[in-house]
Amino acid sequence: MTNRTALEAIVDLEQRYPVDSWTVDGLHVWPLLRVRLYFTLLFAAIGTGQAGAGQRSAIGRMLDAAKGLGRVAHNSVGNSGGVALPRASDDAVLLSDGVSLASIEGRWLDRLMDPIAAGLTSAGLRSFLMTPGTVAAIPRHTPSLGIQPLLDADKALSLLRARLSPPPSHELDGVGDALAELAARHPAIAFPSQQWLIEQAVRVEHMARLFHRLIERTSARAAFASNYYGAEGMAFVLAARRAGCVTVDVQHGLQVDHVGYAQWTKLPYPGYALVPDRFWCWSDMEVQSIGRSMAGYAHRGVAVGNLWSDFLAGESLAEICTATNRLRSLRQQSGRRYQFLLTPSWGHPDAELQKLLDAAAATGSEAKWWLRLHPSLAAGREPLRRGLGAKGGD
């Protein structure tokens, strides 16, 4: 199973079932289920399991919210300018993914949102940045509001309400059959249920109200997100659209053959409320891929380039200049003929990464290898460093 074959399995269902008519309280919910089914298939195939919405109890979510609030408060004490609040003068709202953060010379930069915030500032516009996640990356280049405690508390409350309140109105003809078909094809995989879809829609609606309350405190006309296809991202898109903002997804990685962007075959007119209006893409390749499936609808791609790459190339920040000069010096001091940067993605078993490291070691003294981990693997950085050191790696 690859991302392509997983997507093909989902598209096959999409073509044969009335997915564009599936609604919960009037909200078209196929994007929620489309994404969840894709990652359920993919994670099962690569052996990483499936962790996500609906697998923690309401009490667990409340405890997470309390712990997250404590961490955010602890990391924010004594920090000047690191915490942001919405202002009536803000022209745009930005939602980070919470993991695409880079520590450069002691300050944390958001690889996706900081270039946008800087561009807005240079144009005389103001922005409000929100960051999920329970680790407060302080100090920040762009001040940000840590929203994970709010999200966790809201998810817990929405789950309780969903369990205690009458079920919302829904039109989900065929959902059960589609899920049963997938289960019959892949009996070893636990797929979500129709009840999960209803509860997920309720959670997204509650989170959208939370985002809407924050966005309403601004004068934002545009809303930017990365990883829009998560539940939080879709809730943000829904809230921003209701607040009258143009919603934008900022490319952060693969889009071709990715469930959030490619091969949509059925959409309600003018489009899905949970899917952004615009996709800011790195190149025409992604724009064309999105256009093939969304032509004629409210969603379209725009090639704006890799903003983080441009941001680094400009070397407008002292921290970037210092880090760049240090890297150049290290490269020159190595005296190696070849320099390689290895960037393993998420989801690979440790044995696969070890194969790459063994290949690097086999090149001998002619080559120097640099290793950059995927943001979701940041917690394994130090253990990996120790493991390499034990084998003589630098």
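What you see is a predicted model, and the numbers here were worked out from it, not measured in a lab. (Residues numbered from 1 in each chain as written. Predicted model: local features only at pLDDT ≥ 70, side-chain atom pairs only at ≥ 80, totals over all residues. Heavy atoms only, no water.)

Caption draft 1: Layout of the overall build of the protein. If you tally the helices and strands in the protein, you get 13 helices and 14 strands. Contacts in the protein between residues at least 24 apart in sequence constitute 76% of all its contacts with a sequence separation of at least 6. Accessible area for the protein stands at about 19,000 Å²; split by element, carbon and sulfur atoms hold 56% of it. (Helix = DSSP H or I, 4+ residues; strand = E, 2+ residues; numbered from the N terminus. Contact = heavy atoms within 4.5 Å. Areas by Shrake-Rupley, 256 points an atom, 1.4 Å probe, with all protein chains shown as cover.)

Caption draft 2: Quick look at unusual backbone geometry. Here the bond from tyrosine 269 into proline 270 is cis, since omega is 5°, no more than 30 degrees from zero. Within the element layout of this structure, proline 270 appears in the loop between strand E10 (246–250) and strand E11 (278–281). Look at aspartate 257: it is not a glycine, yet its phi comes out positive at around 65°. In this structure, aspartate 257 sits in the loop between E10 and E11. Assessed through its relative accessible area of 11%, aspartate 257 is described here as buried. Backbone geometry places glutamine 263, a non-glycine residue, at a positive phi of 55°. (Buried < 20%, exposed > 50% of the residue type's maximum accessible area, 1.4 Å probe, protein only.)

Caption draft 3: Just the pairing of strand E3 (residues 92–95), in detail. With burial as the criterion, each face of E3 is covered, one bearing Ala92 and Leu94 and the other bearing Val93 and Leu95. Bridge analysis of E3 against strand E6 (residues 127–131) gives 4 bridges, and the strand direction is parallel. The residue of E6 that forms the bridge with valine 93 is phenylalanine 128. In this structure, E3 lies alongside strand E9 (residues 222–225), joined through 4 bridges in parallel fashion. Across the sheet, residue leucine 95 finds its bridge partner in E9, namely alanine 225. (Pairing = 2+ DSSP bridges.)

Caption draft 4: Fine view of the sheet that holds strand E1 (residues 23–24). The strand order across the open sheet formed by 3 strands is E2-E1-E8, and the pairing between neighbours is antiparallel. The open sheet terminates on both sides in strands that have one partner only, identified here as strand E2 (27–28) and strand E8 (170–171). With 2 bridges connecting them, E1 and E2 associate as antiparallel partners. Paired with threonine 23 across the strands is histidine 28, a residue of E2.

Caption draft 5: Representation of the side chain of histidine 258. As for its position among the elements, histidine 258 is in the loop between E10 and E11. In terms of polar contacts, histidine 258 uses its side chain to reach the side chain of tyrosine 229, at 3.5 Å. Within the local environment of histidine 258, its side chain forms a polar contact with the backbone nitrogen of glycine 260, the two atoms lying 3.0 Å apart. With residues up to four places along the chain from it excluded, the contact list for histidine 258 reads Leu7, Tyr38, Phe39 and Tyr229. (Polar contact = N/O pair within 3.5 Å; in protein donor to acceptor, adjacent residues only side chain to side chain.)

Caption draft 6: Examining the sheet that holds E10 more closely. One open sheet accounts for 7 strands, arranged E7-E6-E3-E9-E10-E11-E12; its pairing is parallel. Every interior strand has two partners, whereas the edge strands, strand E7 (145–146) and strand E12 (300–303), have only one.

Caption draft 7: Representation of the nonpolar core within the structure. If you look at the biggest cluster of nonpolar residues, it comprises 75 residues, and the most contacted ones within it are Trp22, Trp30, Leu33, Leu37, Phe211, Tyr228 and Phe236. Ranked by the residues each element gives to this core, the list is headed by helix H7 (residues 194–215), at 11 residues. In contact with tryptophan 30, not counting residues within four places along its chain, are Ile10, Glu14, Val19, Trp22, Leu37, Trp264 and Tyr272. If you look at the next biggest cluster of nonpolar residues, it comprises 12 residues, including Leu94, Met113, Ala117 and Val248. (Core = buried A, V, L, I, M, F, W, Y, C linked by side-chain atoms within 4.5 Å.)

Caption draft 8: Quick look at the pattern of salt bridges. Counted by the stated rule, this structure contains 15 salt bridges. Glutamate 181 is the salt-bridge partner of arginine 185, the closest N and O atoms lying 2.7 Å from each other. Here arginine 185 and its partner glutamate 181 are both found in helix H6 (residues 175–185), 4 residues apart, which amounts to about one turn of the helix. Residues glutamate 366 and arginine 337 are paired through a salt bridge, measuring 3.5 Å at the closest nitrogen-oxygen approach. In this pair, glutamate 366 is assigned in the loop between helix H12 (350–362) and strand E14 (367–371) and arginine 337 in the loop between helix H11 (318–334) and strand E13 (338–342), connecting sequence segments 29 residues apart. Glutamate 366 gets classed as partly exposed once you look at its relative accessible area, which sits at 40%. Where salt bridges share partners, they join Asp12, Arg16, Glu181 and Arg185 into one cluster. (Salt bridge = Lys/Arg side-chain N within 4 Å of Asp/Glu carboxyl O.)

Caption draft 9: Region of interest: the packing of helix H4 (residues 114–122) against helix H10 (residues 307–314). Following both chains from N to C, one finds H4 and H10 inclined at 65°, their axes separated by 9 Å at the closest point. As the angle between them shows, H4 and H10 are arranged roughly perpendicular. Judged by the sense of rotation from one axis to the other, the crossing of H4 with H10 is left-handed. Each of Pro115, Ile116 and Ala118 in H4 lies in contact with H10, whose residues at this interface are Leu307, Trp308 and Phe311. (Axes fitted to C-alpha atoms, helices over the stretch in contact; angles between N-to-C directions. Parallel < 35°, antiparallel > 145°, perpendicular 65-115°, else oblique. Left-handed = near helix turned anticlockwise from the far one by under 90°.)

Caption draft 10: The arrangement of the pairing of E9 in detail. Going residue by residue along E9, you find Ala222 and Phe224 tucked away on one face and Ala223 and Ala225 tucked away on the opposite face as well. Pairing geometry for E9 and E10, over 4 bridges, is parallel. Following the sheet pairing, alanine 225 is matched in E10 by aspartate 249. Following the chain from E9 across helix H8 (residues 231–242) to the adjacent parallel E10, one finds a crossover that is right-handed. (Right-handed = clockwise from strand over helix to strand, strands pointing away.)

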